[in-house]
Amino acid sequence: MDVAKVIRILGYIVYVALWSPVILLIAVIAPIWVTVMCINADLPVIYGFRVLGQAFKGSIAHDMNFIKTGVW
């Protein structure tokens, strides 16, 4: 592992630590919000949770790509 990757990992840890209150707030509010929006739009609630799950997976994939390449 090279020095740049170690610095990116440490920087990412600090980034997540600083944003953790917001991340936790979104993690609590998002399922409630998705449920209400799906009910209002007459969509199956499971559809909303699938979209939310895809967004979560995309976010993790973006972060992993950042750690590997350094491109935000």
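For the structure itself, look to the data block above.
Nothing here was measured: the structure is a model prediction, and the numbers come from that model. (Residues numbered from 1 in each chain as written. Predicted model: local features only at pLDDT ≥ 70, side-chain atom pairs only at ≥ 80, totals over all residues. Heavy atoms only, no water.)

**Section: the side chain of Asp63**
Consideration 1: For Asp63, the position within the fold is in helix H2 (residues 45–69).
Consideration 2: Lacking a salt bridge, the buried Asp63 has Arg8 as its closest oppositely charged neighbour, with an N-O distance of 12 Å. (Helix = DSSP H or I, 4+ residues; strand = E, 2+ residues; numbered from the N terminus. Buried < 20%, exposed > 50% of the residue type's maximum accessible area, 1.4 Å probe, protein only. Lys, Arg positive; Asp, Glu negative; His and termini not counted. Salt bridge = Lys/Arg side-chain N within 4 Å of Asp/Glu carboxyl O.)

**Regarding the side chain of Arg8**
Consideration 1: Mapped onto the fold, Arg8 is located in helix H1 (residues 3–40).
Consideration 2: Although Arg8 lies buried, it forms no salt bridge, and the closest oppositely charged side chain, Asp2, sits 4.9 Å away as judged by the N-O distance.
Consideration 3: A polar contact is formed between the side chain of Arg8 and the backbone oxygen of Lys68, at a distance of 3.3 Å.
Consideration 4: With near-sequence residues (within four places) excluded, Arg8 lies in contact with Phe66, Ile67, Lys68, Thr69 and Gly70. (Polar contact = N/O pair within 3.5 Å; in protein donor to acceptor, adjacent residues only side chain to side chain. Contact = heavy atoms within 4.5 Å.)

**Overview of H2**
Given 3.6 residues per helical turn, the α-helix brings residues three or four places apart onto the same face.
Consideration 1: The end-to-end C-alpha separation of H2 is 36 Å, in line with the 36 Å expected for 25 residues at 1.5 Å each.
Consideration 2: Within H2, the full set of buried residues consists of Gly48, Asp63, Phe66 and Ile67.
Consideration 3: Among the structural elements, H1 are those in contact with the buried residues of H2.
Consideration 4: Just beyond H2, the residue with positive phi is Gly70, at close to 85 degrees. (Expected span 1.5 Å × (residues − 1).)

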